[in-house]
Amino acid sequence: MIYNYSLFIDGKFLETKNKQQVFNPATGECIAEVSIAAGNDIESAINAARRAFDESPWKKSSLAERKEYILKISQGILEKAQELASLESLNTGKPIKETTFMDIPSSAAAFDHFANHLEEFLAAENVEINSQIANAKSTLSREPQGVVVLIAPWNYPLLITSWKLSQALAAGNTVILKPSSLTPLTALELGKIIHNAGLPSGVVNIINAGGEACGKTLCSDKRIDMISFTGSNAVGKKIMEYASANVKKLTMELGGKSASIILKDADIELAVNGSLCSIFLNQGQMCTAMSRIFVQDEIYDNFVNDFVAKAKRIKLGKPEDFETQMGPLVSKAQLEKVISYVEKGKKEGAKIACGGKTSQDFSLKQGFFFEPTIFVDVTKDMTIFKEEIFGPVACISKFKTENEAITLANASDFGLAACLWTKSHEAAGRIAKSLNTGTVWINTYGMFFNEVPYGGFKQSGFGKELGREGFLEYTRLKNVIMDITKEAKPLVNYWYGF
Ligand code: NAD
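The structure presented is a predicted model; accordingly, all values stated were derived computationally and were not measured.

Caption draft 1: Broad picture of the environment of Ala245. Looking at where Ala245 falls in the secondary structure, it is placed in the loop between helix H9 (233-244) and strand S12 (249-253). Considered as a pair, Ala245 and Ala110 are 135 residues apart in the sequence and their alpha carbons are 32 Å apart.

Caption draft 2: Summary view of the environment of Leu190. Mapped onto the fold, Leu190 is located in helix H7 (residues 185-197). Given a relative accessible area of 1%, Leu190 falls into the buried group. Separated by 214 residues in sequence, Leu190 and Glu404 place their C-alpha atoms 47 Å apart. Every residue in contact with Leu190, bar those within four places of it in the chain, is listed here: Ile73, Ile77, Phe111, Leu158, Thr161 and Leu165.

Caption draft 3: Spatial organisation of the pairing of strand S13 (residues 259-262). Residues Ala259 and Ile261 line one face of S13 and the alternating positions Ser260 and Ile262 line the opposite face, and both faces are buried. Inspection of the sheet shows S13 paired to strand S14 (residues 292-296) by 4 bridges, in the parallel sense. When the bridges of S14 are listed, Ile261 appears paired with Phe294. Chirality of the crossover, the property in question, places the unit of S13, helix H10 (residues 268-280) and S14 among those that are right-handed.

Caption draft 4: Up close: the domain arrangement of the protein chain. Domain boundaries in the protein chain define domain 1 (3-254 + 460-480) and domain 2 (259-442). Computed over C-alpha atoms only, the centres of domain 1 and domain 2 are separated by 31 Å. Contacts between the two partners involve 24 residues from domain 1, matched on the other side by 29 residues from domain 2. Surface buried jointly by domain 1 and domain 2 totals about 2000 Å² across both partners, of which 63% is contributed by carbon and sulfur atoms. Scanning the region where domain 1 abuts domain 2 turns up 0 salt bridges. At the surface where domain 1 touches domain 2, the tally comes to 9 residue pairs in polar contact (both at pLDDT 80 or more). Those elements that provide at least two residues to the side of domain 1 that touches domain 2 are helix H4 (81-92) and helix H5 (96-121). With 6 residues, the top contributor of residues to the side of domain 1 that touches domain 2 is H5.

Caption draft 5: Representation of the site of the ligand within the structure. Near the ligand you find 28 residues, and of these Ala152, Ser232, Leu254, Glu388 and Tyr454 are the closest. Measuring from a nitrogen atom of the ligand, one finds a backbone N or O atom of Gly211 at 3.4 Å. A distance of 2.7 Å separates a nitrogen atom of the ligand from a polar atom in the backbone of Leu254. For the ligand, whose unbound accessible area comes to 850 Å², protein coverage reaches 90%. Counting only elements with at least two residues in the shell around the ligand, the list comes to helix H8 (211-220), strand S11 (226-230) and H9. Taken together, the residues that form the shell around the ligand break down as 15 nonpolar, 8 polar and 5 charged. Of the residues that make up the shell around the ligand, three or more belong to each of domain 1 (3-254 + 460-480) and domain 2 (259-442).

Caption draft 6: Structural view of the nonpolar core. By size, the foremost hydrophobic cluster in this structure holds 92 residues, and its most contacted members are Ile73, Phe303, Phe307, Ile374 and Ile396. When residues of this core are assigned to their parent elements, the largest contribution, 9 residues, is made by H5. Split by domain, this core shows at least three residues from each of two domains, domain 1 (3-254 + 460-480) and domain 2 (259-442). With 31 residues, the next largest nonpolar core counts Phe294, Ala350, Phe375 and Ala428 among its residues.

Caption draft 7: Region of the structure containing the pairing of strand S20 (residues 439-442). By the alternation rule, side chains of S20 split into Thr439 and Trp441, which are all buried, and Val440 and Ile442, of which none is buried. As judged from the 4 bridges shared by strand S19 (residues 417-421) and S20, these two strands associate in the parallel manner. If you follow Cys419 over to S20, its bridge partner there is Trp441. Taking the sense of rotation as the criterion, the β-α-β connection linking S19, helix H15 (residues 425-434) and S20 turns out right-handed.

Caption draft 8: How the structure looks around the sheet that holds strand S1 (residues 3-5). Strand order in the open sheet formed by 3 strands is S1-S5-S4, with mixed pairing between adjacent strands. At either end of the open sheet lies a strand with only one pairing partner, and these are S1 and strand S4 (19-23). Averaged over all pairs of adjacent strands, the angle between strand axes in this sheet comes to 25 degrees, irrespective of strand direction. The pairing of S4 with strand S5 (residues 30-35) spans 5 bridges and is antiparallel.

Caption draft 9: The packing of helix H3 (residues 63-79) against helix H6 (residues 157-170), seen in detail. The N-to-C vectors of H3 and H6 enclose an angle of 160 degrees; their axes lie 10 Å apart at closest approach. In this view, H3 runs roughly antiparallel relative to H6, as classed from their interaxial angle. Handedness of the H3/H6 crossing: right-handed. Between H3 and H6, the contacting residues are Arg66, Ile70, Ile73 and Ile77 on the first element and Ser162, Leu169 and Ala170 on the second. For the contact of H3 with H6, a count of residues per class yields 5 nonpolar, 1 polar and 1 charged.

Caption draft 10: Highlighting the sheet that holds strand S6 (residues 125-130). Strand order in the open sheet formed by 3 strands is S6-S7-S23, with antiparallel pairing between adjacent strands. Both edges of this open sheet fall to S6 and strand S23 (475-483), since each of them pairs with a single strand only. Averaged over all adjacent pairs, the angle separating strand axes in this sheet is 25 degrees, with direction ignored.

Caption draft 11: Molecular detail of the packing of H3 against H5. Orientation of H3 relative to H5, taken along the N-to-C sense of each, is 170 degrees, at an axis distance of 8 Å. On the basis of their axis angle, the class for H3 and H5 is roughly antiparallel. Contacts between H3 and H5 involve Leu63, Ala64, Lys67, Ile70, Leu71, Ile73, Ser74, Ile77 and Leu78 on the former and, on the latter, Ile104, Ser107, Ala108, Phe111, Asp112, Ala115, Asn116, Leu118 and Glu119. Classifying every residue of the contact of H3 with H5 gives 12 nonpolar, 3 polar and 3 charged.

Reading guide: rules and limits
Residues numbered from 1 in each chain as written. Predicted model: local features only at pLDDT ≥ 70, side-chain atom pairs only at ≥ 80, totals over all residues. Heavy atoms only, no water. Helix = DSSP H or I, 4+ residues; strand = E, 2+ residues; numbered from the N terminus. Buried < 20%, exposed > 50% of the residue type's maximum accessible area, 1.4 Å probe, protein only. Contact = heavy atoms within 4.5 Å. Pairing = 2+ DSSP bridges. Right-handed = clockwise from strand over helix to strand, strands pointing away. Domains from an automatic or database assignment. Buried area = accessible area lost by both parts, 1.4 Å probe. Salt bridge = Lys/Arg side-chain N within 4 Å of Asp/Glu carboxyl O. Polar contact = N/O pair within 3.5 Å; in protein donor to acceptor, adjacent residues only side chain to side chain. Near = heavy atom within 4 Å. Areas by Shrake-Rupley, 256 points an atom, 1.4 Å probe, with all protein chains shown as cover. Nonpolar A, V, L, I, M, F, W, Y, C, P; charged D, E, K, R; others polar. Core = buried A, V, L, I, M, F, W, Y, C linked by side-chain atoms within 4.5 Å. Axes fitted to C-alpha atoms, helices over the stretch in contact; angles between N-to-C directions. Parallel < 35°, antiparallel > 145°, perpendicular 65-115°, else oblique. Left-handed = near helix turned anticlockwise from the far one by under 90°.

Rendered as structure tokens:
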């Protein structure tokens, strides 16, 4: 069966003449035809979002009404959870176990969380100023940014879309959402849920187009107030350029080359199992993938032996099978990119401990499957140490001292996240402070909570997603100051008041 998806603009589903095919990465087969937004469709989406922000009932709706709309979206996702999980697996190649237990429930939970916290986060704050020159009262209030463009990547299509959309809507914005054209299906399915939830037309518009084709128009237009982007550094840099034309608020969640540090006192079983998740979940296509693993020399051999033995047992298979632990990479291009990095690693002298090739299983030959791959004795001058591979490839290196581990971990242009494995809370606290990353997980990996912010340092971007701070990115702060000097006039009365 081939699905057919339309754009969602101004509350209507719009089928265009120009269509694009979407593929199943496990088989290479076409699974859907999706309308492509042309210039006039993008113009309609911008107009609709602008009008909906400036004039529609959305602007006048109370916080309680807004909350109800957003809770309905959460409920709509839960009602379609199984269907969405299957569709996400079909389109991305993620094992169904991951989409069923992680992507889809977490997507619904984001809408639920921000709907339930918007009143608290938007509460105004009063500041009394009693200085020598004036008495004044300042009211700090949070307003929506306006029209926000949300640009999402292909690795967690519905989840990242839901993070962005739940916060943007809860803050009162209207949006134009552009999913990755490789994986637009669940975002377009979300359009139907939003339609059923009864949001005023134009509040959410979903377009499908190649990034190069629509990026400049969307990100430089004067009518757009903010761009929330998650994706690669190369594209992030272009968007910053486009946005500079008319100066827009930006949040940039970009790439990573995250490091895991395993100290000699770590619970080895936990460190091995946690590290497997940290590089092989979602076929390693995670921005926070711990693609560099540093192990203290006393436990290096034991760790590597166990890690390699368990990695070899990871079951590659069809994404729809609940037993599958690793599916295909998202596309042929991504597979080729991973293969080229593995070849570079070998050429530059890293030793392969396992994997390093496409799946040899005949039943998977048509798909973009790549074996869990581990390089050992990786050094910091190698390309595989420096560049984001975005595939199931772990690079392991040895260290002697805590300081050496910190230096190695920080030797990266990126600063997204890090993991520490140790039984010593003292060492963990000390090392965490020295790591140049936005998130540090201690004795765990990949814990994203709606309650706390997440975002990178250095070239991993700026701005936060999730938590109060992430939510507030989608607002602008207004300061209203009133003079309350009693029995006197403020200084402005006298300066030129001859
Ligand atoms: P990508 O940068 O190729 O694409 C991301 C989005 O940008 C897609 O929707 C794409 O269509 C769009 N795009 C492409 N060119 C554009 C242009 N010129 N103007 C506007 N939009 C354009 O990234 P990807 O390959 O989809 O995702 C993988 C990357 O995303 C990795 O680098 C990964 O680390 C990063 N990522 C980061 C986070 C994070 O939170 N930091 C999370 C997930 C993924």
